[in-house]
Amino acid sequence: MYGRNIYKNIDYLVDSVFANYLSRPGVRQPIFTSYCDGQRVTCSGLSQWGSKSLGDQGYSAIDIIRYFYGNDMYINSADIISGVPSSWPGYDLTIGSSGEKVRQLQNQLNRIARNYPAIPTITADGIYGPATAEAVRTFQRIFNLPVTGVTDYPTWYEISEIFVGVSRISEPG
């Protein structure tokens, strides 16, 4: 909600894990999981205090999932997320990066800059140089992301989301 607190660490973590999902071999539908605190509300599956206890014992995230749901569970990452114009390249874009993903990033930042003129426009040449890093830093500052000048997954996702909003590509024609 506009004007509410944004907890940067939670925002960053949610964006970082947004593309993750659980699966089992041979099962096409999404795996339904539930999460309860285990004290006031109980359910079959993950519990806040049960998973914390396992984490304290050194269990990894996948070990905890498998403890509650069986050894045939896997954590996957989606290659493409509906509504995002192009999928995350799978690695951070930073000074020295080049290619089509950098050009796409530059074009999206330039389109966003029409609505947010504090973001400097840059040459869409597919080379991530100091000007692109500065445009990314400005974007990150405006949208409450860690200001690094590096396009990590949360920054890529936020740029894509804002681009969709300002270009109205999500509206029916």
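What you are looking at is a predicted structure, and each value in this text was computed from that prediction instead of being measured. (Residues numbered from 1 in each chain as written. Predicted model: local features only at pLDDT ≥ 70, side-chain atom pairs only at ≥ 80, totals over all residues. Heavy atoms only, no water.)

**Concerning the overall build of the chain**
Looking only at helices and strands, one finds 6 helices and 4 strands in the chain. In the chain, 50% of the contacts between residues at least 6 apart in sequence involve partners at least 24 apart. Here the chain has roughly 10800 Å² of accessible surface; of this, 53% comes from carbon and sulfur atoms. (Helix = DSSP H or I, 4+ residues; strand = E, 2+ residues; numbered from the N terminus. Contact = heavy atoms within 4.5 Å. Areas by Shrake-Rupley, 256 points an atom, 1.4 Å probe, with all protein chains shown as cover.)

**Quick word on the packing of aromatic side chains**
A complete count under the given rule lists 4 aromatic pairs for this structure. Ring centres of Tyr 67 and Phe 68 lie 5.2 Å apart, and the angle between their planes is 80°; this geometry places the pair in the edge-to-face category. Phe 68 gets classed as partly exposed once you look at its relative accessible area, which sits at 23%. Aromatic rings pair up to connect Tyr 59, Tyr 67 and Phe 68 into one cluster. Here Arg 66 stacks its cationic end above the ring of Tyr 74, 4.8 Å away from the centre of that ring. (Phe/Tyr/Trp six-rings, centres within 6.5 Å; stacked < 30°, edge-to-face > 60°. Buried < 20%, exposed > 50% of the residue type's maximum accessible area, 1.4 Å probe, protein only. Lys NZ or Arg CZ within 6 Å of the ring centre and 35° of its normal.)

**Describing the confidence of the model for the chain**
In this model, the chain carries a mean pLDDT of 81, and residues with pLDDT of at least 70 account for 68%. Looking over the chain, one finds the lowest element-wise mean pLDDT in helix H1 (residues 8-17), namely 62, and the highest in helix H5 (residues 130-142), namely 97. (pLDDT = per-residue confidence, 0-100.)

**Topic: the packing of helix H4 (residues 100-115) against helix H6 (residues 153-167)**
The interhelical angle for the contact between H4 and H6, taken along N-to-C directions, is 50°, at an axis separation of 9 Å. When the interaxial angle is binned, H4 and H6 end up oblique. The element H4 and its partner H6 pack so that their crossing is left-handed. Facing H4, whose interface residues are Lys 101, Gln 104, Leu 105, Gln 108, Leu 109, Arg 111, Ile 112 and Asn 115, H6 presents Trp 156, Ile 159, Ser 160, Ile 162, Phe 163, Val 166 and Ser 167. The class makeup of the residues in the contact of H4 with H6 is 8 nonpolar, 5 polar and 2 charged. (Axes fitted to C-alpha atoms, helices over the stretch in contact; angles between N-to-C directions. Parallel < 35°, antiparallel > 145°, perpendicular 65-115°, else oblique. Left-handed = near helix turned anticlockwise from the far one by under 90°. Nonpolar A, V, L, I, M, F, W, Y, C, P; charged D, E, K, R; others polar.)

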